[in-house]
There are 2 protein chains.
Amino acid sequence: MLTYSFTDIGSDSLYHHLYNCIKKDIVSGVLEPDTKLPSKRSFAKNLGVSNITVENAYAALQAEGYLYSIPKKGFYVSKLTDLIATDTPSSAPVLQEASSSPNYLADFVSNRMNPDQFPFSVWSKIIRETLSSRHEELMTASPWGGTAVLRRAICGHLKAFRGMDVSPDQIIVGAGTEYLYGLLIQLLGQDKIVAVENPGYHKISKIYESSHVTCIPVSIGEHGISVTELERSGAHIAHISPAHHFPTGIVTPIGTRYELLGWATKQSGRYIIEDDYDSEFRLNGNPIPTMQSIDVSERVIYMNTFTKTLSSTMRISYMVLPKHLLTAFAQNLSFYSCTVSNFEQYTLAYFIEEGYFEKHINRMRTYYRGVRDALLDTIRQSPLGKYCTISEEDAGLHFLLQVQTSLSDEELTQKAHQAGIRISCLSQYYYDTKESVPEHVLVFNYSGITRDSIPKAIRLLAECIKPLDR
Amino acid sequence: MLTYSFTDIGSDSLYHHLYNCIKKDIVSGVLEPDTKLPSKRSFAKNLGVSNITVENAYAALQAEGYLYSIPKKGFYVSKLTDLIATDTPSSAPVLQEASSSPNYLADFVSNRMNPDQFPFSVWSKIIRETLSSRHEELMTASPWGGTAVLRRAICGHLKAFRGMDVSPDQIIVGAGTEYLYGLLIQLLGQDKIVAVENPGYHKISKIYESSHVTCIPVSIGEHGISVTELERSGAHIAHISPAHHFPTGIVTPIGTRYELLGWATKQSGRYIIEDDYDSEFRLNGNPIPTMQSIDVSERVIYMNTFTKTLSSTMRISYMVLPKHLLTAFAQNLSFYSCTVSNFEQYTLAYFIEEGYFEKHINRMRTYYRGVRDALLDTIRQSPLGKYCTISEEDAGLHFLLQVQTSLSDEELTQKAHQAGIRISCLSQYYYDTKESVPEHVLVFNYSGITRDSIPKAIRLLAECIKPLDR
């Protein structure tokens, strides 16, 4: 089997070092076109690294065209002639482009909000009032966890929307959940092993790996994350989204929640990070209590964000720490300044306290329900309607669509892309290429699309997805 | 000598573990009142940790009253009866208070800006225009390094103020320099050793240590950081502020700058972090070119912030990466979202591009020159004038005042504190308690005080500082 040394990688991350080793061998011809690469699991075992390291290296090489994949088979070396035009030597200038291109007819991947839906005039009014009346507070350094008025407002919101009883002192406000993960690594220690959801949002494991924290993917089943697999994994921390898993949409039932709390209390130093990223947008059904609110052993770290409810471009998130971790944070990490500007902290606090936030969420729920219904109706009435199954449409801002097609997931997303539709497949969110990875399941994130674009987008998408029986 | 084990510290930081061990022994009586603790250097050597670890543990214990220090002698165990009232058990709730209390008559430590000086009405006008005219851009995710318009504006500013030629693509915008240090650790690797300035701003080494990066203090002399000591230290990275060192005010001359670049290019993997935090406020004299602008070997990472020029409560800083590091950043870390809200990025870009920022800096320079002159005049005419020497008053927003007094530095700052004056001494910024640490040098940071408060503040301060010849 291929073997590379990891002894002298310096400051490089593990996955990027592996990426470079394989890329070099492809470019130099050591690895010939159409050579099959080792399976991720056996390669990882052989190299003494985690599966995720290999997964990330393969994903990067595939994204850049050095590898191609065949579902249920594995990864193969591409013909180099196909990609010379797109290869960027490392000495070329790196251009920073806007991350979400506005050129798609419909973008079912990005979390960009439809600009018509942001409450610009109310926000403008509040920020004007804030700037004219709060000179002293705006110029006074925020406590490390955020300004008292914003932490109080967040507590009120958590009480009203999630029935949670937390003290403003337990809240730490930060510039996005990605930043808060970094603080948690410093708080809990980078020697910890973190279990991440499989399938799941790969950026989470990238952030942990970038700070040298080991991640282990643990399967999501119909009852949420597998507690048996979690126990076997040796993980100290489980990073999960019980309210609404992305991308499957699975809601972790109360039974599993108690089992998870049981797992966490079984050994000291175990924690659950409860990522409640889109709970405000539950469209139907009764909400299940957060794990934070049924945790009496101080094992749950609750996280939420305003990037979904307001805008992903406004970087305000927060976490609720159990009291003993709050003490540890105050002792070890309170020298860090809060990363959110006072100007936005005071504006947001007022926006929440005066009831504008609740009104905004209610309006957005109605709006998103309308978008979802229009999208589902259009899909059902389109040629797609005959050979598809819709699932998990009651929670959050996305649903799944199983289609019958002869195309591979990769061909499908590429054809859609060429037609101006950005869409992802469920299989992309898995950390493995086992036989059990479901194919032909499209993930429709509809938070950024406009209703006007739906008919054309679905017509084009239906044309891309050649049915089996055409 | 005292010995503690560091083998089972879990996620605790080294300094905090040591702090806990010593505290436990003080509380339990193992360490009796007035026992002298080992010198930092020999204790560090004995424990196998860095001097900074011991320094930080002693500083925390001293701040909480468990230890007291005698200048030129060392640290001693306090009588426990004196501090029972102030001891906080770790199970008590931690209260988050505003970091800079507004209760001081004059605060010569905080970086809080005088609220009268922030351009509230212009800022309000620009943010209103931004909110009404840029809906699309405000809702579109910023590239990882910041929005193109802000990066272009920063380039223009660097050209005009610092004569620097950099490309907008080299700029990474982030929510404060503290956050950017964290990114740099991930970029350069936590196995690196960082040289920090001694004396210096201790928060910098705290941030590095919190991510398990080793710091070594290197002496500042009259020509800036000692290149000989830096070479001997084994450091890979030198984190320095050549334009204006805090707190000594020393400006690194061009000769040392070239020597530093020589040090950096001598071995691969060496870098200089040039922290240019207050260069806009140079009040007199010719500016020396930045190290970034005379570096042809891509060894200098330039950092600057708007927290000094606008407000420390608006968290916007940036760094300029050499091109090869930019490529590494794009490959390894570009999955991170930019941590500054689009709303403030666009507002600030406009503020810079339309010339408001330049006007603001010019106005602030005049204002600060007035505050400094009033302060110096008042000091010279006060009883203090007879027994003090003022130095380093031409750059940045602070100067040093050597006084003749029979008080220790600790007594002096405490007496001032009781009189409502917050002030620090140069000795607090040293990582050691060697004989060479200068005593009785007050650091006057005048960025946050008002002119009205000066006469009373100086009168009270003069009363605190009993001269030798009274």
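Cut-offs applied
- Residues numbered from 1 in each chain as written.
- Chains lettered and ligands numbered in written order.
- Predicted model: local features only at pLDDT ≥ 70, side-chain atom pairs only at ≥ 80, totals over all residues.
- Heavy atoms only, no water.
- Helix = DSSP H or I, 4+ residues; strand = E, 2+ residues; numbered from the N terminus.
- Buried < 20%, exposed > 50% of the residue type's maximum accessible area, 1.4 Å probe, protein only.
- Pairing = 2+ DSSP bridges.
- Polar contact = N/O pair within 3.5 Å; in protein donor to acceptor, adjacent residues only side chain to side chain.
- Contact = heavy atoms within 4.5 Å.
- Least-squares fit on C-alpha atoms with pLDDT ≥ 70 in both.
- Core = buried A, V, L, I, M, F, W, Y, C linked by side-chain atoms within 4.5 Å.

## Describing unusual backbone geometry
The peptide bond linking Asn198(B) to Pro199(B) adopts the cis configuration, its omega dihedral lying at 0°. Take Pro199(B): it is sitting in the loop between strand S5 (193–198) and helix H8 (202–210). The amide bond that connects Phe246(B) to the next residue, Pro247(B), takes the cis arrangement and shows omega of 5°. With respect to the element layout, Pro247(B) can be found in the loop between strand S8 (237–240) and helix H10 (254–266). Here the phi dihedral of Glu298(A) falls at roughly 55°; this positive angle occurs in a residue that is not glycine. Classification of Glu298(A) as partly exposed rests on a relative accessible area of 30%.

## Comments concerning the pairing of strand S9 (residues 271–275) of chain B
Residue and element names in this part refer to chain B. Most of S9 sits out of view: five of its five residues are buried. Residue alternation in S9 divides its side chains into two sets, Tyr271, Ile273 and Asp275 and Ile272 and Glu274, and both sets are buried. In terms of strand pairing, S8 meets S9 through four bridges, oriented parallel. Bridging across to S9, Ile237 finds its partner in Tyr271.

## Looking at the side chain of Asp276(A)
All names here are of chain A. In this structure, Asp276 sits in the loop between strand S9 (271–275) and helix H11 (291–294). Within polar-contact distance, the side chain of Asp276 engages the side chain of Arg162 at 2.8 Å. What Asp276 contacts, discounting residues up to four positions off in sequence, is Arg162, Ala243, Thr290, Tyr302, Met303 and Asn304.

## Quick notes on the relation of the copies chain A and chain B
The transformation that overlays chain A on chain B combines an axial shift of 0.0 Å with a rotation of 180°, and the residual RMSD is 0.1 Å. What the rotation and shift describe, once combined, is the action of a two-fold rotation axis. Looking at chain A, 100% of its interface residues are interface residues in chain B too, so the copies touch through the same face.

## Quick word on the nonpolar core
The biggest cluster of nonpolar side chains holds 149 residues, and the ones touching the most others in it are Phe444(A) and Phe444(B). Beyond its immediate stretch of four places on either side in the chain, Phe444(A) contacts Phe108(A), Leu375(A), Ile379(A), Leu397(A), His398(A), Phe399(A), Leu401(A), Ile423(A), Ile458(A) and Leu461(A). With 66 residues, the next largest nonpolar core counts Leu180(B), Val194(B), Ile301(B) and Met303(B) among its residues.

## Let's talk about the environment of Thr214(A)
All names here are of chain A. Relative to the elements of secondary structure, Thr214 occurs in strand S6 (residues 214–221). Taking relative accessible area as the criterion, Thr214 reaches 35% and is therefore assigned partly exposed. A sequence separation of 22 residues divides Thr214 from Lys192, and the C-alpha atoms of the two residues are 7.1 Å apart. Excluding anything up to four places from it in sequence, Thr214 contacts Ser50, Lys192, Ile193 and Val194.

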